[in-house]
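Now for the letters of each chain:
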Amino acid sequence: MGTRTFRTAVVRTPSGPDAIEVIDVPQREPGPGEVRVDVAAAPVNPVDLGVVGGFFHSLGLIHQPHHTGLGWDFAGVVAAAGAGVDLAVGTRVAGLVVGFDRDFGTYAEQLVVPAADLAVVPDNLDLVAAATVPLNGLTAAQIVDLLGDPPAGGRLLVTGAAGAVGGYVVPLARDRGWRVTGLARAEDEEFVRGLGADFTTAAEPGWDAVADAAALQDRGLALVGDGGVFVGVRPNAHPAAERGVTVRAVEVHADGVRLADLLARTAAGELPARVHAVVPLDRVADAHRETAKGGVRGRYVLRP
Ligand SMILES: NC(=O)c1ccc[n+]([C@@H]2O[C@H](COP(=O)([O-])OP(=O)(O)OC[C@H]3O[C@@H](n4cnc5c(N)ncnc54)[C@H](OP(=O)(O)O)[C@@H]3O)[C@@H](O)[C@H]2O)c1
């Protein structure tokens, strides 16, 4: 019998959506502590557009000799488990794969990942919705960690509050005790207020902290009051600190335990789950083109 293969989307020479290829690669068996997942859903995130367009290659972060894998998060079903793994075949799971420099990704029919990076998806959450949680839910939770505890009555501005990351930062920061205002487009007011935040389309400076999910960078930092905290989303491009402001940037890492909590809260309706459209893997380039236009609320989710 020949080697089994599966389909996955990759780029060889990054130059935008037309460079995405769907290729066949050999199946791999899970090693100790790993599982193989049949992927049911994988969202298109802004970072994927950066990989396909060559931005992260140009920063020197990708050195793949043959092709670069696409996609960071996924949901699917356990197909095989390695030694020491306590997840039965058939278990519904979601997870996150981090890092730019890899030849595999979640835009694939299959994926081999450490079991510790996975969380079981609650029965009442479908796999498409679950797939949209890991990257941006964990990023938001880790942004809230970097903000630290609020001062008494501490006021937080979340830029990009209607985006995937910002839409999680708002409720998670409120839980932590921040008084939150969301900066977003005028048409996003209802969504942002629905998360329990105040709303603005043009913030004045002077916030105790800014969580910069819109990647406004220097413009976001300028909104922080003297001695406040700025948490950005570009670990490779910090704005320079000024006026005693603490400048941090999130670099998301997998965390199966925390992901389980985020999924449970999504299933309970406490956190948003926003899907714009489900498209087959063969239409990945179209999904990238549409996402690149901006203004999309909720994710394009690929079905391999
Ligand atoms: N460092 C990490 O570990 C990490 C992890 C995950 C994500 N990220 C980064 O975090 C950022 C946010 O990701 P995301 O998935 O949340 O993106 P997203 O869903 O596209 O959200 C960004 C939001 O910001 C809005 N926005 C942009 N400029 C604005 C402005 N001047 N005023 C008001 N709203 C504005 C966008 O609106 P429009 O669509 O209308 O422009 C959009 O709603 C991306 O840069 C992503 O690469 C970093």
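On a predicted model such as this, the values are computed, not experimentally measured, just so you know. (Residues numbered from 1 in each chain as written. Predicted model: local features only at pLDDT ≥ 70, side-chain atom pairs only at ≥ 80, totals over all residues. Heavy atoms only, no water.)

J.: Would you mind going over helix α4 (residues 134-147) with me for this structure?
T.: Given 3.6 residues to a turn, an α-helix orients residues that are three or four positions apart in the same direction. Taking 1.5 Å of rise per residue, 14 residues should cover 20 Å, and α4 covers 20 Å from first to last C-alpha, within 8% of that figure. Inspection of α4 places P134, L135, N136, G137, L138, T139, A140, A141, Q142, I143, V144 and L147 among the buried residues, and these make up the whole buried set. After α4 finishes, the residue G148 shows a positive phi value of roughly 75°. (Helix = DSSP H or I, 4+ residues; strand = E, 2+ residues; numbered from the N terminus. Expected span 1.5 Å × (residues − 1). Buried < 20%, exposed > 50% of the residue type's maximum accessible area, 1.4 Å probe, protein only.)

J.: How do you make sense of the sheet that holds strand β1 (residues 5-11) when you look at a structure like this?
T.: Within a sheet, neighbouring strands are paired by backbone hydrogen bonds and run either parallel or antiparallel to one another. Strand order in the open sheet formed by three strands is β2-β1-β4, and the pairing between neighbours is antiparallel. The strands lining the two open edges of the sheet, one partner per strand, are β2 (20-26) and β4 (68-69). Pairing of β1 with β2, which is carried by seven bridges, proceeds in the antiparallel orientation. Bridging from a neighbouring strand, R7 pairs with D24 of β2. (Pairing = 2+ DSSP bridges.)

J.: It is not clear to me how helix α5 (residues 164-175) should be interpreted in this structure. Could you clarify?
T.: The terminal C-alpha atoms of α5, which comprises twelve residues, lie 18 Å apart, in line with the 16 Å expected from a rise of 1.5 Å per residue. Of all twelve residues making up α5, ten are buried, and the element is well covered by its neighbours. Of the residues making up α5, those classed as buried are A164, V165, G166, G167, Y168, V169, V170, P171, L172 and A173. Looking one or two residues beyond α5, the residue adopting positive phi is G177, at roughly 105°.

J.: Where do I start with the packing of α4 against α5 in this structure?
T.: Each pair of packed helices gets described by two things: the angle between the helix axes and the distance between those axes. One can describe the packing of α4 onto α5 by two numbers: an axis separation of 8 Å at closest approach and a directional angle of 45°. Here α4 is positioned oblique relative to α5, judged by the angle of their axes. Crossing of α4 over α5 shows right-handed handedness. Along its contact with α4, which presents N136, G137, T139, A140, A141, I143 and V144, the element α5 presents A164, V165, Y168, V169, L172 and A173. (Axes fitted to C-alpha atoms, helices over the stretch in contact; angles between N-to-C directions. Parallel < 35°, antiparallel > 145°, perpendicular 65-115°, else oblique. Left-handed = near helix turned anticlockwise from the far one by under 90°. Contact = heavy atoms within 4.5 Å.)

J.: It is not clear to me how the site of the ligand should be interpreted in this structure. Could you clarify?
T.: Neighbouring residues of the ligand: 23 residues in total, closest V165, V250, V252, G295 and R299. Within the side chain of R185, a nitrogen or oxygen atom sits 2.9 Å from an oxygen atom of the ligand. Between a nitrogen atom of the ligand and a main-chain N or O atom of V250, the distance comes to 2.8 Å. For the ligand, the protein covers 80% of the area, taking 920 Å² as the surface of the free molecule. When contributions to the shell around the ligand are tallied by element, the ones reaching two or more residues are α4 and α5. Taken together, the residues of the shell around the ligand sort by class into twelve nonpolar, six polar and five charged. When residues are assigned to domains, the shell around the ligand turns out to be shared by domain 1 (5-132 + 273-303) and domain 2 (136-249), each giving three or more. (Near = heavy atom within 4 Å. Polar contact = N/O pair within 3.5 Å; in protein donor to acceptor, adjacent residues only side chain to side chain. Areas by Shrake-Rupley, 256 points an atom, 1.4 Å probe, with all protein chains shown as cover. Nonpolar A, V, L, I, M, F, W, Y, C, P; charged D, E, K, R; others polar. Domains from an automatic or database assignment.)

J.: Is there a simple way to think about the domain arrangement of the protein chain in this case?
T.: Many descriptions give the size of an interface as the accessible area lost when the pieces come together. Looking at the protein chain, the domain boundaries give domain 1 (5-132 + 273-303) and domain 2 (136-249). Relative to domain 2, the C-alpha centre of domain 1 lies at a distance of 27 Å. Summed over both partners, the interface of domain 1 with domain 2 buries about 720 Å², with 40% contributed by carbon and sulfur atoms. Of all residues in domain 1, T132, R274 and R297 bury the most surface against domain 2, accounting for 56% of the area lost on that side. Where domain 1 packs against domain 2, one counts one salt bridge. Its salt-bridge partner being R297, residue D188 comes within 2.9 Å of it at the nearest N-O pair. Counting across the interface, domain 1 meets domain 2 through four residue pairs in polar contact (both at pLDDT 80 or more). Split into classes, the residues belonging to the side of domain 1 that touches domain 2 amount to three nonpolar, two polar and four charged. (Buried area = accessible area lost by both parts, 1.4 Å probe. Salt bridge = Lys/Arg side-chain N within 4 Å of Asp/Glu carboxyl O.)

J.: Mind showing me how you'd approach the environment of G225 here?
T.: With respect to the secondary-structure elements, G225 resides in strand β13 (residues 224-232). G225 sits 159 residues away from H66 along the chain, and the two C-alpha atoms are 47 Å apart.

J.: Any chance you could explain the side chain of R36 here in plain terms?
T.: With respect to the helices and strands, R36 occurs in strand β3 (residues 34-43). Setting aside residues up to four positions removed in sequence, R36 forms contacts with Q27, R28, E29, P30, V77, V78, A79, A80, Q110, L111 and V112.

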